Amino acid sequence: MPRTARDVVFVDGVRTPFGKAGPKGLYAQTRADDLVVRAIRELMRRNPSLPPERVDEVAIAATTQTGDQGLTIGRSAAVLAGLPKSVPGFAIDRMCAGAMTAVTTTGAGISFGSYDVAIAGGVEHMGRHPMGEGVDPNPRFLADKLVDPSALVMGSTAENLHDRFPGITKERADAYAVRSQQKVAAAYAAGRIQPDLVPTAIRSAEQGWGLATEDEPPRPGTTMDDLAKLKTPFRVHGNVTAGNAAGLNDGATACLLAAEDVARDLGLAPRMRLVDFSFAGVEPEVMGVGPVPATEKLLARNSLTMDDIGLIEINEAFAVQVLAFLEHFKIADDDARVNPWGGAIALGHPLASSGVRLMNQLARLFEERTDVRYGLTTMCVGMGMGGTVLWENVNWEGAK
């Protein structure tokens, strides 16, 4: 029988507070899979009208799928979280866009009718599993000159992007980074970030057991003078520093997706509607430009322009990557639509988990901005890709 595509909605999303990677970070003695379990359990607690057996799939992303991020983490986390053994799960890797791909993959399955309800998210414990751990790049990448050596170092690709966009100076990147810190500080002060944070048990040798209740990476009060003093580790006299890039972080995210009619039948309140998504490839040496073609494809397919987009949540892997996107679409560096509550430069970027953080913030913004119909979540992806998801505000006042 022919199937009719169903509307897919984002019901709820949560995340652990993000920590700094390393021996002194929040989660130095916390397992990666336990971070995911905490997020899944909180999703189920916050949505008591959802019978656990109605979850049809659990898709969890991790970039480094080994150790406590291995063992088909979607399935293992589902079992550890106490979901019925009948609930399957799987693991996903699309580097930084892992959680985003978990959402688009399960969302497509819901639209097709294969699932009614799914949990999607991601985790990265960069303290336990540094970026590139265990990776063995095929020597043909370089021997056959398929990519420039810089393609394998994310910071170097950001320096390459500065070369590609000479108008994006270090000062401009630093100014963007300062604004991100300021916006996160303001959002925290207004209580806007906290509702989606799951208090998470932590332990350290010095202080014993504790509870993580807020993000560790933000540096409120950061100034241009502070950033001007930082080293440029990827190039002598370069532009990319620890201050205008996301750090190395630990954290997990999870969200609940459902067919819109099923959500309403189960008493679940949709928060935004999945309209479409697109992924695109670019030269790995300038992977940061990936969101541009992904967004262009998406807008064209839906007969939209950037003027139709009222909110943009873009992952801040590097300030230059965001600025290249804005410059291409002729959007001002300080446009109010872009990351109104700040981004990864301040909050952190635990690789495969970040896509759902973007969605969590967009869903919250939609609740406040009923005048906005469409929003984007978009990000660059290692090895030369970009991904963009188009969302519709279910509370858009124009629909009433």
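Since the structure is predicted, the reported quantities are computational estimates derived from the model, not experimental observations.

(A) Highlighting the overall build of the chain. A count of helices and strands for the chain gives twelve helices and twelve strands. Scaling as 2.2 N^0.38, a compact globule of 400 residues should have a C-alpha radius of gyration of about 21 Å, and the chain matches this with 20 Å. Each principal axis of the C-alpha atoms in the chain carries an extent, and together these give about 60 × 55 × 50 Å. Of all 400 residues assigned to the chain, the portion counted as buried reaches 57%. Accessible surface for the chain amounts to roughly 16,100 Å². Of this, 53% is attributable to carbon and sulfur atoms.

(B) The packing of helix H3 (residues 98-112) against helix H12 (residues 354-368), seen in detail. Two numbers describe how H3 lies on H12: the axes approach to 5 Å, and their chain directions differ by 70°. It follows that H3 is roughly perpendicular to H12 by the angle criterion. Of the residues in H12, those in contact with Ala-99, Met-100 and Val-103 of H3 are Gly-355, Val-356 and Met-359. By residue class, the composition of the contact of H3 with H12 is five nonpolar, one polar and no charged.

(C) How the structure looks around the UniProt feature "domain: Thiolase N-terminal" (unreviewed entry) in the chain. According to UniProt, the positions carrying the feature "domain: Thiolase N-terminal" (unreviewed entry) are residues 8-261. As annotated, residues 8-261 has a helix share of 31% and a strand share of 19%, and its two end C-alpha atoms lie 9 Å apart.

(D) Up close: H12. With 15 residues, H12 should reach 21 Å at 1.5 Å per residue; the first-to-last C-alpha distance of 22 Å fits that figure. Judged by how many residues are buried, H12 sits mostly within the fold: 13 of 15 residues are covered.

(E) Inspection of the pairing of strand E9 (residues 272-281) at higher detail. Most of E9 sits out of view: seven of its ten residues are buried. Taken together, the three bridges between strand E1 (residues 8-15) and E9 define a ladder with antiparallel strand orientation. Its bridge partner lying in E9, Val-8 is registered against Leu-274. Bridge count for E9 against strand E12 (residues 385-393) is nine bridges, and the pairing is antiparallel. For Ser-278, the partnering residue across the bridge sits in E12 and is Thr-388.

About the cut-offs
Residues numbered from 1 in each chain as written. Predicted model: local features only at pLDDT ≥ 70, side-chain atom pairs only at ≥ 80, totals over all residues. Heavy atoms only, no water. Helix = DSSP H or I, 4+ residues; strand = E, 2+ residues; numbered from the N terminus. Rg over C-alpha atoms; globule rule 2.2 N^0.38 Å. Buried < 20%, exposed > 50% of the residue type's maximum accessible area, 1.4 Å probe, protein only. Areas by Shrake-Rupley, 256 points an atom, 1.4 Å probe, with all protein chains shown as cover. Axes fitted to C-alpha atoms, helices over the stretch in contact; angles between N-to-C directions. Parallel < 35°, antiparallel > 145°, perpendicular 65-115°, else oblique. Contact = heavy atoms within 4.5 Å. Nonpolar A, V, L, I, M, F, W, Y, C, P; charged D, E, K, R; others polar. UniProt positions renumbered as here; feature names shortened; annotations may be inferred. Expected span 1.5 Å × (residues − 1). Pairing = 2+ DSSP bridges.

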